[in-house]
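# Fold and geometry: a report
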Amino acid sequence: MRGTATGGAKRSRSAPYLLGLPALAYLGIFFVIPLVTLLKMSLSTNVGSVYEPTMVLDWHWANYSDAFSSYGAQFSRSFLYAGIATVLALLLGYPLAYVIAFRAGRYKNLLLGLVILPFFVTFLVRTLAWKTILSDTGWVVSLFDLLHVPMPDGRLLSTSWAVVFGLTYNFLPFMVLPIYVSLEKIELSLVDAAKDLYSAPWRAFRAVVLPLSLPGVFAGTLLTFIPAAGDFINAQYLGSAQNAMIGTVIQKQFIVVKDYPAAAALSFVLMAMILVGVLVYARVLGTEELT
Amino acid sequence: MTTLGTRPPETTPPAPPPTGAAPSPSPLRRVGPWLLNGYAGAVVFILFLPILVIILFSFNDPVGKFNFVWKGFSLEAWQDPFKYEPLVDAMIVSLEVAAVSTVISAVLGTLIAVALVRYRFTGSGATNTFLVLPLTTPEVVMGASLLTLFLDLNWATGFWTIVIAHAMFQISFVALTVKARVRGFDWSLEDAAMDLGATPLRTFLRVTFPLILPGVVAAAMLSFALSMDDFIITLFNSGNEVTYPLFVNNAAKTALPPQINVMATLIMLASLVVIGLSQIYTRWRTRG
């Protein structure tokens, strides 16, 4: 009736297309087409008023050059903050994922639960909680004072470090989980063999475990960097006006100023820059596997 | 670590020491695991700290309109969690949006996941990549692009546009979660059912569906949580509708009553109960 080697039954040729069609159609209409309308908007001019916008597609490329010249600082700040936050999340997240995968024993599920617990507490309320923790009168600032940890202007809240830390915290689970998944797949006998082969545990780790976990690191860093680069909540709640990111600008232009063409151009530039970054990164890391 | 530099070159490796028979492990080897566990514990603490603060401040007795400084223990907010009507309304809107969008995305996402895991077909690789794209697009771009579509179509933004937006990003999460959970299943059970004369529909209902159900439930729970939590995409497509995160954002500018913390704590407790129950159910099923 069928070959068993692939492990996949092929009852009908049309079945996979029929099963996949609804989701693909939905994403086509509400993910792809919106990107096309966004592109159209980014090349349009509003000939109406702010309240009665009338968009005309006149291939207004100046929207793009304006986006670069007016908001270059916010762009570079976004990528800088997101880059530092990604590195910090990796430094914090990898050891945690490692401990959960290899050392947690019967506490594995409990620890995984603690990692995903923040998902069930509203993002905004958590960020507000950091505002309390990092406030000038909070215990963290007092502790840092006591230990003579240098802080910009003697405070944490409303500094770029608070924004970077907020980004790190918010996307940390997205770093830990993919790394955990890739570590979990490694066969323990392989790790044991490596430990026998290389007497130093660090060398065993570097030669065997680390390379095998790179797909997880790749997915984790992307799932941290991309949302962090577009985020504006942390900048808004934990930073000051000097820490505005590109997300802040896009959001303001779209919702407050209602300058849709400018905002659309900014969104496209952000997406294009991220896409280029991802491709370069994929090439450097030597893997094009995302899932 | 200190032995690293003095190790002989790779060409003449020393005989590997037999496992578990190292006579005197270096101090670092004994302390290393504890350091690593302690570090991981500290990271978990960072993850947990704001949640602790949220719970703690739901018992605060704040002075003034904001709930940022600890003033004293009070049960007031817990005794009257539904004191602020707009907050309750916002919570109801969030629950409704999450319920509807989760149903849509669970059905569509599961179907495409089954197609990808069970069949080999032309374009499956491209479909896999396509499903990842929404996850690698900044939320602010997805929110903005959907808004331009709704502007283009002249649709008024409100409840249904929020549902549409949420289901859009949930589909990918559902598809990837279900795919990961059902990969490596023993699908020969399906063939056995078919060989025994079951119709494809009966096979699906009696064999396939029970097999994938735990994965679907896990995906749906994640999906629900993502919808309840979403702020950025919702902000663009909400019109005059106010969800719980939008309410919090507005309140952050004017007044933050501790009831917001009570609500956040209640959401978390409810999620924990649901997760606990589903764990017990899975264990009971696998045992029986």
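Reading the values: the criteria
- Residues numbered from 1 in each chain as written.
- Chains lettered and ligands numbered in written order.
- Predicted model: local features only at pLDDT ≥ 70, side-chain atom pairs only at ≥ 80, totals over all residues.
- Heavy atoms only, no water.
- Helix = DSSP H or I, 4+ residues; strand = E, 2+ residues; numbered from the N terminus.
- Contact = heavy atoms within 4.5 Å.
- Areas by Shrake-Rupley, 256 points an atom, 1.4 Å probe, with all protein chains shown as cover.
- Lys, Arg positive; Asp, Glu negative; His and termini not counted.
- Charge placed at Lys NZ, Arg CZ, Asp CG, Glu CD.
- Domains from an automatic or database assignment.
- Buried area = accessible area lost by both parts, 1.4 Å probe.
- Salt bridge = Lys/Arg side-chain N within 4 Å of Asp/Glu carboxyl O.
- Nonpolar A, V, L, I, M, F, W, Y, C, P; charged D, E, K, R; others polar.
- Phe/Tyr/Trp six-rings, centres within 6.5 Å; stacked < 30°, edge-to-face > 60°.
- Buried < 20%, exposed > 50% of the residue type's maximum accessible area, 1.4 Å probe, protein only.
- Polar contact = N/O pair within 3.5 Å; in protein donor to acceptor, adjacent residues only side chain to side chain.
- Axes fitted to C-alpha atoms, helices over the stretch in contact; angles between N-to-C directions.
- Parallel < 35°, antiparallel > 145°, perpendicular 65-115°, else oblique.
- Left-handed = near helix turned anticlockwise from the far one by under 90°.
- pLDDT = per-residue confidence, 0-100.
- Core = buried A, V, L, I, M, F, W, Y, C linked by side-chain atoms within 4.5 Å.
- Patch = residues over 30% accessible without salt bridge, like charges linked within 9 Å, V, L, I, M, F, W, Y side chains within 5 Å.

Quick look at the overall build of chain A now. Helices and strands together make up the secondary structure of chain A, namely eleven helices and two strands. C-alpha atoms of chain A, sized along the principal axes, occupy 75 × 70 × 35 Å. Taking the intrachain contacts of chain A between residues at least 6 apart in sequence as the baseline, contacts between residues at least 24 apart amount to 67%. Roughly 13700 Å² of accessible area belongs to chain A as shown, and the carbon and sulfur atoms make up 67% of that amount. One finds the centroid of the 19 positive side-chain charges in chain A at a distance of 10 Å from the centroid of its 14 negative side-chain charges.

Residues and elements named next belong to chain B. What the domain assignment reports for chain B is domain 1 (27-77) and domain 2 (84-256). In this assembly, four residues from domain 1 lie in contact with six residues from domain 2. Summed over both partners, the interface of domain 1 with domain 2 buries about 340 Å², with 62% contributed by carbon and sulfur atoms. Its largest share of buried area at the contact with domain 2, domain 1 owes to Lys65, Phe66 and Asn67, together 88% of the area lost on that side. Across the domain 1-domain 2 interface, the total number found is zero salt bridges.

Quick look at the interface of chain B and chain A now. The interface is formed by 91 residues belonging to chain B together with 86 residues belonging to chain A. A buried area of about 8300 Å², summed over both sides, lies between chain B and chain A, and 77% of it is on carbon and sulfur atoms. At the boundary of chain B and chain A, one finds two salt bridges. Its salt-bridge partner being B:Asp229, residue A:Arg126 comes within 3.6 Å of it at the nearest N-O pair. By residue number, the principal contributor to the side of chain B that touches chain A is helix α1 (residues 27-57) of chain B, which donates 17 residues. Of the residues assigned to the side of chain B that touches chain A, the class counts are 69 nonpolar, twelve polar and ten charged.

This part covers the packing of aromatic side chains. Throughout the structure, instances matching the rule amount to 24 aromatic pairs over all chains. Ring plane angle 45 degrees and centroid distance 5.6 Å describe the contact between A:Phe254 and A:Tyr260, whose orientation is recorded as tilted. Just as A:Phe254 is buried, A:Tyr260 falls in that class too. Between the aromatic rings of B:Phe59 and B:Trp78, the centroid separation amounts to 5.7 Å while the plane-to-plane angle is 20 degrees, which identifies the pairing as stacked. With B:Phe59 in the loop between α1 and α2 (76-79) and B:Trp78 in helix α2, this residue pair connects regions lying 19 residues apart in the sequence. Residue classification places B:Phe59 among the partly exposed residues on the basis of a relative accessible area of 21%. Ring-pair connections join several aromatic residues into one group, and the members of that group are A:Tyr94, A:Tyr98, A:Phe102, A:Trp202 and A:Phe205.

Secondary-structure assignment places A:Arg126 in helix α4 (residues 123-134). Polar side-chain contacts of A:Arg126 include one of 3.1 Å to the backbone oxygen of A:Pro118. Those residues in contact with A:Arg126 that lie beyond four places of it in its chain are A:Pro118, A:Val121, A:Tyr169, A:Asn170, B:Pro50, B:Ile54 and B:Asp229.

Let us look at the pattern of salt bridges. Under the defined criterion, the tally for this structure stands at five salt bridges over all chains. Here A:Arg155 and A:Asp136 are joined by a salt bridge, their closest N and O atoms 3.0 Å apart. In this pair, A:Arg155 is assigned in the loop between α5 (139-146) and α6 (160-185) and A:Asp136 in the loop between α4 and α5, connecting sequence segments 19 residues apart. When its relative accessible area of 28% is taken as the criterion, A:Arg155 is described as partly exposed. Here B:Glu190 ties to B:Arg118 by a salt bridge, and the two come within 2.3 Å at their closest N and O atoms. With B:Glu190 in helix α7 (residues 188-195) and B:Arg118 in helix α3 (residues 85-118), the pair connects residues that are 72 residues apart, well separated along the chain. In terms of burial, B:Glu190 and B:Arg118 fall into one category: buried.

It is worth spelling out the packing of helix α1 (residues 15-42) of chain A against helix α6 (residues 159-182) of chain B at this point. A pair of packed helices is captured by two measures, namely the crossing angle of their axes and the spacing between those axes. Closest axis-to-axis distance for the α1(A)/α6(B) pair is 10 Å, and the angle between their directions is 125 degrees. The angle between the axes of α1(A) and α6(B) places the two elements in the oblique class. Crossing of α1(A) over α6(B) shows left-handed handedness. Contacts between α1(A) and α6(B) involve A:Ala23, A:Tyr26, A:Leu27, A:Phe30 and A:Phe31 on the former and, on the latter, B:Val163, B:Ile164, B:Ala167, B:Met168, B:Ile171 and B:Ser172.

Scored by pLDDT, chain A comes out at a mean of 86, with 93% of its residues at no less than 70. A low-confidence stretch, residues 1-9 of chain A stays under pLDDT 50, and its non-local contacts, those more than four residues away or across chains, total eleven contacts.

What follows concerns unusual backbone geometry. Residue and element names in this part refer to chain A. Look at Trp59: it is not a glycine, yet its phi comes out positive at around 50 degrees. Structurally, Trp59 can be placed in the loop between β2 (55-57) and α2 (62-102). Assessed through its relative accessible area of 53%, Trp59 is described here as exposed. Positive phi, close to 60 degrees, is recorded for His148, a residue that is not glycine. Along the chain, His148 turns up in the loop between α5 and α6.

On to the nonpolar core. Residues A:Leu96, A:Leu183, A:Phe254, A:Leu270, B:Tyr244 and B:Ile260 are the most contacted members of the largest nonpolar core, which totals 147 residues. Top contributing element to this core by residue count: α2(A), with 16 residues. For this core, the domains that each give at least three residues are domain 1 (27-77) and domain 2 (84-256) of chain B. Beyond its immediate sequence surroundings of up to four residues, A:Phe254 is in contact with A:Leu38, A:Tyr260, A:Ala263, A:Ala264, A:Ser267, B:Ala144, B:Leu147, B:Thr148 and B:Phe236. Among the nonpolar cores identified, the runner-up in size contains nine residues, and B:Val174, B:Val178, B:Val182 and B:Trp187 belong to it.

This paragraph deals with a nonpolar patch on the surface. Residues A:Trp139, A:Leu143, A:Leu146, A:Leu147, A:Val149 and B:Phe45 make up a contiguous nonpolar surface patch of roughly 620 Å² in combined accessible area. Considering every element that reaches the nonpolar patch, the biggest residue donor is α5(A), with three residues. Accessibility expressed as a relative area gives 37% for A:Leu143, which makes it partly exposed.

What follows is about the environment of B:Phe121. Along the chain, B:Phe121 turns up in the loop between α3 and α4 (124-132). Those residues in contact with B:Phe121 that lie beyond four places of it in its chain are A:Pro16, A:Tyr17, B:Ala115, B:Leu116 and B:Thr127.

Take the confidence of the model for chain B next. Here chain B averages 84 in pLDDT, and 89% of its residues register 70 or above. The low-confidence segment residues 1-23 of chain B, where pLDDT is below 50, has twelve contacts with residues more than four positions distant or belonging to other chains.

This part takes up the packing of α7(B) against helix α8 (residues 200-229) of chain B. Residue and element names in this part refer to chain B. Where α7 contacts α8, the axes come no closer than 10 Å and their chain directions differ by 155 degrees. As judged from the angle between their axes, α7 and α8 are roughly antiparallel. Every pair of crossing elements has a handedness; the one defined by α7 and α8 is right-handed. Touching Leu189, Glu190, Ala193 and Met194 of α7 are Pro200, Thr203, Val207, Thr208 and Leu211, all from α8. Across the contact of α7 with α8, the residue classes tally to six nonpolar, two polar and one charged.

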